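# Residue-level structural notes
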Amino acid sequence: MLALRLARGSHPLVLLRRLFVTAAAAGTGFLLLSTVGHAAAHPGSEGDSLVRLLWCAAPLAATAQLAASVARTDPAARLHRGMAAAGLGPLRLALLAGTSTALSGLFGVLLSLFVFLRLRGDLGGSPSPAAGKAGIDADLLGTGHPLPLVGALMLLSAVPLTAAATTAVALRPRSADTAPAPEAPAEAANPSGLPWGMALTAAGLAVEAYASRGTVTSAGLLPLPGRLVGSPPGVLGGWTLSALGLVLAGPGLVHLCGRLLCTGRPGALRLLSGRVLQQESRRLGRPLGVLCAVASATYAAVTVYETAPVRPYGPLTAIGAAVVLASVTACALTAALESRSARAHTTAALRRLGATSSALRRTAALRALAVALVLGPLTWAVAEMATLPLVH
């Protein structure tokens, strides 16, 4: 009840962020239901149905990340003193955030269940013609075959439960919350995950190249034609390793951008921009790493689409791609806003010292340019290497 009351009394912008979580959960729930419908229509194709289910892991992870990012920026999560006076400690605040996230995800999956049953014609009447107009044929929905409702509900429950668990872990109380340590200088925070992340990315590309040998018939949500050789689970595993490597290397790459800005004899703008990037590398690195991983996968998918003799992507792939792209972009923007909010006191001090608004805007533009110049070519290189074994 407290979670519902906090949701009702939230700012419209906060409600809009939660609505994004609901929409992402609805898209992921629809993809999961489509795997159930395909399994019901093809009881002898367990392997194909399993591959379809594996492709749902990316939208599910993106939805969980978006839910955790939205929960971290929720004003209710920062009211520690007032909530503590009401009897809610850090642990209960994390559980409350998880409950609120579960409610948003529950609304989304219930909406997807309603739409899925309506398209199949299970709510009375004939199947909806909207499915055919959208390119979703009866085979993808399992129309005309009984749907295992209990299994579908159990599969749908993974969306709100995963989002809630991710949120609770992200907001869990840490020892630093009770006894904060003095802030270390920016040079002492050079993250050590950069070499490990790049090694993991290289390993993922090697796995994908090895798995791309042979022939393939179908890859579920991403069916590959005969020309595109490869083993879909192996290709998915290679992309997963590469994505994890970019995520792990993200903080180190952002910190490297800051160090590059501070090299030589920097002026005030370069020095301030570099210091901010070094101090905010952990906060910005992971979301930007995820964004780079998704951007490289998107580039590879577009290249495969353009070189394939037949179009290998369908409407379900479009839904999954939209969920992932929208979620990771929203997470990166949320992290940027969170970083700006964390620097509010520093920005106020700079204004009192005489810094103009135009100077602060130039430092922000310089930070964005430095990050783009470092992460952009790296993302393109990873995407090119990931695409080569699929189109040759």
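Reading the values: the criteria
- Residues numbered from 1 in each chain as written.
- Predicted model: local features only at pLDDT ≥ 70, side-chain atom pairs only at ≥ 80, totals over all residues.
- Heavy atoms only, no water.
- Helix = DSSP H or I, 4+ residues; strand = E, 2+ residues; numbered from the N terminus.
- Buried < 20%, exposed > 50% of the residue type's maximum accessible area, 1.4 Å probe, protein only.
- Contact = heavy atoms within 4.5 Å.
- Areas by Shrake-Rupley, 256 points an atom, 1.4 Å probe, with all protein chains shown as cover.
- UniProt positions renumbered as here; feature names shortened; annotations may be inferred.
- Axes fitted to C-alpha atoms, helices over the stretch in contact; angles between N-to-C directions.
- Parallel < 35°, antiparallel > 145°, perpendicular 65-115°, else oblique.
- Left-handed = near helix turned anticlockwise from the far one by under 90°.
- Nonpolar A, V, L, I, M, F, W, Y, C, P; charged D, E, K, R; others polar.
- Patch = residues over 30% accessible without salt bridge, like charges linked within 9 Å, V, L, I, M, F, W, Y side chains within 5 Å.
- Salt bridge = Lys/Arg side-chain N within 4 Å of Asp/Glu carboxyl O.
- Lys, Arg positive; Asp, Glu negative; His and termini not counted.
- Charge placed at Lys NZ, Arg CZ, Asp CG, Glu CD.
- pLDDT = per-residue confidence, 0-100.
- Core = buried A, V, L, I, M, F, W, Y, C linked by side-chain atoms within 4.5 Å.
- Expected span 1.5 Å × (residues − 1).

## Looking at the overall build of the protein
Regarding its fold elements, the protein presents 18 helices and 0 strands. Looking at the 392 residues of the protein, the share that counts as buried comes to 44%. Here the contacts in the protein between residues at least 6 apart in sequence split such that 81% fall between residues at least 24 apart. Accessible surface computed for the protein: about 19800 Å², of which carbon and sulfur atoms make up 69%.

## So, the UniProt feature "transmembrane region" (unreviewed entry) in the protein
Taken from the UniProt record, the annotation "transmembrane region" (unreviewed entry) applies to residues 49-72, 93-117, 149-171, 288-305, 317-337 and 364-383. Measuring from the first to the last C-alpha atom of residues 288-305 gives 25 Å, for a span that is 100% helix and 0% strand. Overall, residues 364-383 shows 100% helix and 0% strand. The separation of its end C-alpha atoms is 28 Å.

## Points about the packing of helix α4 (residues 57-72) against helix α10 (residues 158-170)
Two elements in contact, α4 and α10, have axes whose closest approach is 8 Å; the angle formed by their N-to-C orientations is 45°. One finds that α4 runs oblique with respect to α10. Handedness of the crossing formed by α4 with α10: right-handed. Where α4 approaches α10, its residues L60, A64, A67, A68, A71 and R72 are matched on the opposing element by A158, V159, T162, A163, T166, T167 and A170. Partitioning the contact of α4 with α10 into residue classes produces 9 nonpolar, 3 polar and 1 charged.

## What about the environment of A164?
Among the secondary structure elements, A164 is positioned in helix α10. You can call A164 buried: its relative accessible area is 13%. It is 9.8 Å that separates the C-alpha atoms of A164 and A71, two residues lying 93 residues apart in sequence. Once residues within four sequence positions are removed from consideration, A164 is found in contact with G98, T101 and A102.

## Regarding a nonpolar patch on the surface
On the surface, a cluster of nonpolar side chains totalling about 370 Å² of accessible area is made up of L13, L16, L19 and F20. Considering the arrangement of structural elements, one finds F20 in helix α2 (residues 12-41).

## Some words on a positive patch on the surface
Taken together, the side chains of R340, R351, R361 and R362 make up a positively charged region of the molecular surface. Position of R362 relative to the elements: it lies in helix α18 (residues 357-391).

## Quick look at the environment of V254
Considering the arrangement of structural elements, one finds V254 in helix α13 (residues 232-261). Taking the C-alpha atoms as reference points, V254 and L194, 60 residues apart in sequence, are found 9.9 Å from one another. When residues no more than four places from it in sequence are discounted, the contact partners of V254 are L277, S281, G285 and L288.

## A closer look at the confidence of the model for the protein
Mean pLDDT over the protein: 79, with 76% of residues reaching 70 or higher. A low-confidence stretch, residues 214-231 (pLDDT under 50), is modelled with 51 contacts involving residues beyond four sequence positions or located in other chains.

## Quick word on the nonpolar core
Judged by nonpolar contacts, the single largest core of 26 residues is most densely connected at W239, L246, C257, L277, L288, V371 and L375. Among the elements that take part in this core, α13 stands out by supplying 8 residues, more than any other. Leaving out residues up to four positions away in the same chain, L277 has contacts with V254, C257, G258, L261, R367, A370 and V371. Ranked by size, the runner-up nonpolar core spans 19 residues in total, among them L31, V36, L141 and L156.

## Quick look at helix α14 (residues 268-279)
Helix length check: α14 (12 residues) gives 16 Å between terminal C-alpha atoms against 16 Å at 1.5 Å per residue, within 8%. Along α14, the residues that are buried comprise S273, G274, V276, L277 and Q278.

## Quick look at the pattern of salt bridges
In the structure shown here, the tally under the stated rule is 3 salt bridges. The salt bridge partner of R283 is E338, with a shortest N-O separation of 3.5 Å. Highlighted residues: R283 in helix α15 (residues 281-307) and E338 in helix α16 (residues 315-342), separated in sequence by 55 residues. When its relative accessible area of 31% is taken as the criterion, R283 is described as partly exposed. You can call E338 buried: its relative accessible area is 18%.

## Description of the packing of α15 against α16
In contact at an axis separation of 9 Å, α15 and α16 are set at 155° when each is read in the N-to-C sense. The orientation of α15 with respect to α16, classified from their angle, is roughly antiparallel. Regarding α15 and α16, the two cross each other, and that crossing is left-handed. Here α15 contributes R283, L284, P287, L288, V290, L291, V294 and T298 to the contact with α16, which in turn contributes V324, L325, V328, T329, C331, A332, A335, A336, E338, S339 and A342. Residues that form the contact of α15 with α16 fall into these classes: 14 nonpolar, 3 polar and 2 charged.

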